[in-house]
Amino acid sequence: MQKTLLLCASLWLGLVSFSIMATAVDTGYKQPGADIVALVDAPLAPSASLSPDAKTLLSLQFPPLPALADLAAPEYRLAGTRINPANNGPSQPRYVSAMSLLDISSGKQRSIRGLPANLRAISLNWSPDSQYLAFVQLDDNQATLWRLDIKQGRASQWSKQPVNAIWGGGLQWAADSKAIFAQMLDPKRGAPPVAPKVPAGPLVTEARGRTAPARTYQDLLKDQHDEALFEYYFSSQFQRLALNGRSQTLLPNQLLRSVELSPDNSLILLNRIDKPYSYAVPLFRFANSTEVRNLQGQLVKQLQQQPVADNLPIAFDAVPTGKRSITWRNDAPATLYWVEAADGGDPAVKAEVRDQLFQQAAPFNAEPEKLLDLAFRFGRLAAADGTTALVWERWWQDRHERVWRIAPDGSAAPQLLWQRSSEDSYNDPGSPLLRTAANGQRLLRLEQGQLLFTGIGASKEGNRPFIDRFNLADGSTERLWRSEAPFYEFPISPLGDGSWLTQREATDTPPDFYRRDLSTHQLTALTNTAHPMPQTIGISRELINYQRADGIPMSATLLLPAGYDKARDGALPTVIWAYPREFRSAAAAGQVSDSPYRFNRISYWTPQFLATQGYAVLDNATMPIVGEGDAEPNDTFIQQLILNAEAAIGAGVALGVTDPERVAIGGHSYGAFMTANLLAHTDLFKAGIARSGAYNRSLTPFGFQREQRTLWDDTELYIGMSPFFHAEKIKTPMLLIHGADDNNAGTFPLQSERLYQAIKGNGGTTRLVMLPLESHGYRARESVLHMLWETDSWLDEFVKQPASADAK
């Protein structure tokens, strides 16, 4: 009876609209101190893209935070996607704002002429011969295709016809580098649909006994007008555009979800969205058809007609029935591979074989050939040639992973290369290195029966990236190189002469690109980036290790103010920032997941910025939630959160840097959920910062985060883990911040509004800040600065000087 009453109350609060009736305070955007503003405005580290021939490095700059006015650009929310209808592109994309060229051999840098005055480039794509780079330019009212001539160092617009940039343009170079294929807008599509002034009728949905659980997706289609807008903006023509500008339409205007050319460019594999559209799931679960057509648009092979996938079990190992992951084998002219579930797609069904991997070569007259039976779910395939391809399979429930070597041409039996826990970072072999073939296809870099692997190199000392040589014949591994202290250096790609392109950084040295000779150990700098925030030099950063009460190892990054002297300054007010993560083994939960040698760029997104304000900061404090054997991690979620929090505070106290009477806890998203629970169930903290969280799990009844049970499977679990139902115990001051347009599954703005109302109604101390136009992560400069002002002010009042706060 109690469960029923609690559930009814929860659903009523979620469905009934009522006014928060709060006292309006502090209208207008605020800014923190100039030292914090300087962190926000510091230039971002440059990125880069290496040409397929490894001779040219394209240096890329990304813009600083946009203004609030940029977030106010037109936006439609359709089928789980947010788009900009003005330019038929994505809403608020991350784009390149500046680019230049660097010759690897000489180190000479070149500027690029002819770029758009207001460069906003996405979908950068090298030609296979490395002579050109294509990209999509996002203007205010259209998206256009551009081409950069590498030798001439000049950019020019390639086509006047707009690109459908919602899909990124779908750019694919021809194998001979003489043309590009892209998804373009139909020039005859006409004006966009206009919403009817009078509804045509009520909106009706129904269920007739068919089980169809779904997570709490947002921005879904709502009515027939949404359907019309979806068809209008998401439809594309598929065209071939030659270097001379001539275009040829290969596929007429339709709802193309993906289009992929065969490696020999003779056939087109397309996936098309079909009606009826769903109002319950996003477009990636819509009904769809997959087929092969020739370059004249004629049907060659119908492969799959998939109904709307709205009835999958919510378990993470569940998949649709029928063919899935259909794609071309990169090493063959025109051979498809795909996988099919052998257990009905339901992980609850006991089965020796879960998935089966097939292939079929054009012209698709022969029967499909089975390549491999898989005991887990198919992950991916990477091929070198007909004798060698790697196949990954995983089972999420117990984190098992296997990697097989297969011979697609049938010349050898499948060979199991390794099996491991995907959680075990210390024994992660890394990822195999790929090369770009002459036709632009990405293949395994196989040389004399050996593969090269690179990885982050997680270890007890922290991450130490590596390069390994793996012998396929006997499974032996030879370490060729490993990043050495006091630097963090990651290998990007071999340059063809025994040297590698790497990116290297140290605590006070920002990341730069280098040429490293593995045989001579010679290191040559290719870029020289100035310190973006020199005023923060002196802030110390240290990776600390400690244990919680049950012996599980934990870690955090400790930041201390510049000039801090323990003997003189004593213990400091401390902020702990964390995000809980689930594990199936205690051994994996205790592994270190950071490096002490990364560049000490003081983040404003986490509370690292508070080190400039006299706080000690324990950033990225591990919060493992472990469930071994038959136990699920969330069975003891609250108990383990408390153990984690006690251990983190204890670590700071043991070092003499944390005042245990002046500690705050905070987090974003699931970290906010953690924060609210810790404030409800402990008295460890003086304040909490909770951003964009979900606090009432009855509003996410078909699972949340990594929880696979539903509300009806275990109602007590959902209620017990929901801080909303324990709001009467939240007496520690709590700052709630949320994007008013949050589109993340489950973290509706309603979640923060209702928790605020519950805390306020029970006499707690709380403040709710709703940021206009912001989604799950905050982007506008005004929003970010206001968030920092709120955080700094709240902590100054309740943590830095708690005595004065208590006296009020």
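Criteria and thresholds
- Along each chain, the written sequence defines residue order, and numbers are assigned to residues from 1.
- Since the coordinates come from a predicted model, pLDDT governs what is reported: local features require at least 70, and pairs of side-chain atoms require 80 or more to be given and counted, while whole-chain, interface and lining totals use all residues.
- In computing side-chain properties, one takes all heavy atoms of the structure into account and sets aside hydrogens as well as water.
- Numbering of helices and strands runs from the N terminus; a helix is a DSSP stretch of H or I covering at least four residues, while a strand is a stretch of E covering at least two.
- Working definition: with a 1.4 Å probe on protein chains only, accessible area under 20% of the residue-type maximum means buried, over 50% means exposed, and in between means partly exposed.
- Residues are treated as being in contact if the distance between any of their heavy atoms lies within 4.5 Å.
- In this description, accessible areas are obtained by the Shrake-Rupley approach with a 1.4 Å probe, and a residue is regarded as covered only by the protein chains that are shown.
- Charged residues are defined here as Lys and Arg on the positive side and Asp and Glu on the negative side; His and the ends of the chain fall outside this count.
- Positions of charges follow a simple convention, taking NZ of Lys, CZ of Arg, CG of Asp or CD of Glu.
- The rule is short: rings of Phe, Tyr and Trp, with Trp giving its six-membered ring, pair when the centres are within 6.5 Å, and they are stacked under 30 degrees, edge-to-face over 60, tilted in between.
- Note on criteria: charge over ring means Lys NZ or Arg CZ within 6 Å of the ring centre, with the direction from the centre no more than 35 degrees off the ring normal.
- Points on a 1 Å grid, built from protein atoms alone, make a cavity when a 1.4 Å probe fits but cannot get out and make a pocket when they are open with protein on both sides within 12 Å along at least 5 of 7 lines; residues with an atom within 4 Å of a point are the lining residues.
- Grid points are joined across faces, edges and corners, and a volume is the space filled by probe spheres set on the points.
- Residue classes follow a fixed rule: Ala, Val, Leu, Ile, Met, Phe, Trp, Tyr, Cys and Pro count as nonpolar, while Asp, Glu, Lys and Arg count as charged, and any other residue, Gly among them, counts as polar.
- Here, a strand pair is defined by DSSP locating no fewer than two bridges between the strands.
- Only the stretch in contact is used when fitting a helix axis, every axis being a line fitted to C-alpha atoms; angles between N-to-C directions are given from 0 to 180 degrees.
- Throughout this description, the term salt bridge denotes a Lys or Arg side-chain nitrogen within 4 Å of a carboxyl oxygen of Asp or Glu.
- If an angle is under 35 degrees, it is roughly parallel; if it is over 145, roughly antiparallel; if it lies from 65 to 115, roughly perpendicular; otherwise it is oblique.
- Two helices that cross are described as forming a left-handed crossing if the nearer one is turned anticlockwise from the farther one by less than a right angle, and a right-handed crossing if clockwise.

Peer 1: Go over the overall build of the protein chain, please, and point to the residues and values.
Peer 2: Secondary structure assignment for the protein chain yields 12 helices and 46 strands. Each principal axis of the C-alpha atoms in the protein chain carries an extent, and together these give about 80 × 75 × 55 Å. A total of 808 residues make up the protein chain; the buried ones form 54% of that total. Considering only intrachain contacts with a sequence separation of at least 6, the fraction spanning at least 24 residues in the protein chain is 58%. For the protein chain, the computed accessible surface area is about 34,500 Å², with 50% contributed by carbon and sulfur atoms. Side-chain charges in the protein chain split into 77 positive and 84 negative, and the spacing between the mean points of these groups amounts to 5 Å.

Peer 1: If you had to explain the packing of aromatic side chains to someone new, which residues and values would you point to?
Peer 2: Geometry of an aromatic ring pair is reported as the spacing of the ring centres plus the angle between the planes. Under the defined criterion, the tally for this structure stands at 28 aromatic pairs. Ring geometry for Phe702 versus Trp712: centroids 5.3 Å apart, planes at 45°, classification tilted. Remark: Trp712 occurs in the loop between strand E44 (687-691) and helix H9 (715-721) and Phe702 occurs in the loop between E44 and H9; sequence separation between them is 10 residues. Owing to a relative accessible area of 25%, Phe702 belongs among the partly exposed residues under this scheme. Taken together through their ring pairs, the aromatic side chains of Tyr579, Phe637, Tyr670, Phe673, Phe704 and Tyr718 make up a single cluster. Here the guanidinium or amino end of Arg504 rests over the ring plane of Tyr514, the centre of that ring lying 5.8 Å away. The positively charged end of Arg697 is found above the aromatic ring belonging to Phe673, 4.5 Å away from the centroid.

Peer 1: Just give me the short version of empty space enclosed by the protein, but keep the residues and values in it.
Peer 2: With the rule as written, the count across this model stands at one cavity of 30 Å³ or more. Considering only enclosed or pocket space, the largest cavity measures out at about 40 Å³ in volume. What lines the largest cavity is Trp577, Trp605, Thr606, Pro607, Phe609, Ile689, Arg691, Met787, Leu788 and Thr791. Only E44 and helix H11 (781-800) provide two or more residues apiece to the lining of the largest cavity. For the lining of the largest cavity, the element with the most residues is H11, which contributes three residues. Classifying every residue of the lining of the largest cavity by side-chain character gives seven nonpolar, two polar and one charged.

Peer 1: How would you summarise the environment of Gly80 if you had to cite specific residues and measurements?
Peer 2: Relative to the assigned elements, Gly80 resides in the loop between strand E3 (76-78) and strand E4 (81-84). Relative accessible area serves as the criterion here: at 36%, Gly80 is assigned to the partly exposed category. When neighbours within four sequence positions are excluded, Gly80 is seen to be in contact with Gln218, Asp219, Leu220 and Pro282.

Peer 1: Report on the sheet that holds strand E40 (residues 553-560), specifying residues and quantitative values.
Peer 2: The strand order E39-E40-E42-E41-E43-E44-E45-E46 describes an open sheet built from eight strands, whose pairing is mixed. Each edge of the open sheet carries a strand with a single partner, namely strand E39 (540-547) and strand E46 (766-771). Along the sheet, successive strands turn relative to each other by an average axial angle of 20°, direction set aside. Bridge count for strand E41 (residues 572-583) against strand E43 (residues 658-668) is five bridges, and the pairing is parallel. When the sheet's bridge partners are listed, Leu572 is paired in E43 with Thr658. Its contacts with the sheet put helix H8 (residues 670-681) on E41, strand E42 (616-626), E43, E44 and strand E45 (734-739), and the angle it makes with E43 is roughly 140°.

Peer 1: Kindly report on the side chain of Glu774, identifying the contributing residues and their values.
Peer 2: Within the secondary structure, Glu774 sits in the loop between E46 and H11. Buried and unpaired, Glu774 has no salt bridge, with Arg779 as the nearest side chain of opposite charge at 6.6 Å. Excluding residues that lie within four positions of it along the chain, Glu774 makes contacts with Leu71, Gly739, Ala740, Asp741, Asp742, Arg779, Ala780 and Ser783.

Peer 1: Outline the packing of helix H2 (residues 34-41) against H11, listing residues and values.
Peer 2: One can describe the packing of H2 onto H11 by two numbers: an axis separation of 11 Å at closest approach and a directional angle of 140°. Overall, the two elements H2 and H11 adopt an arrangement that is oblique. Considering how the two elements wind past one another, H2 and H11 form a crossing that is right-handed. The residues of H11 that touch H2, namely those facing Ile36, Val37, Val40 and Asp41, are Arg781, Val784, Leu785, Leu788 and Asp792. Classifying every residue of the contact of H2 with H11 gives six nonpolar, no polar and three charged.

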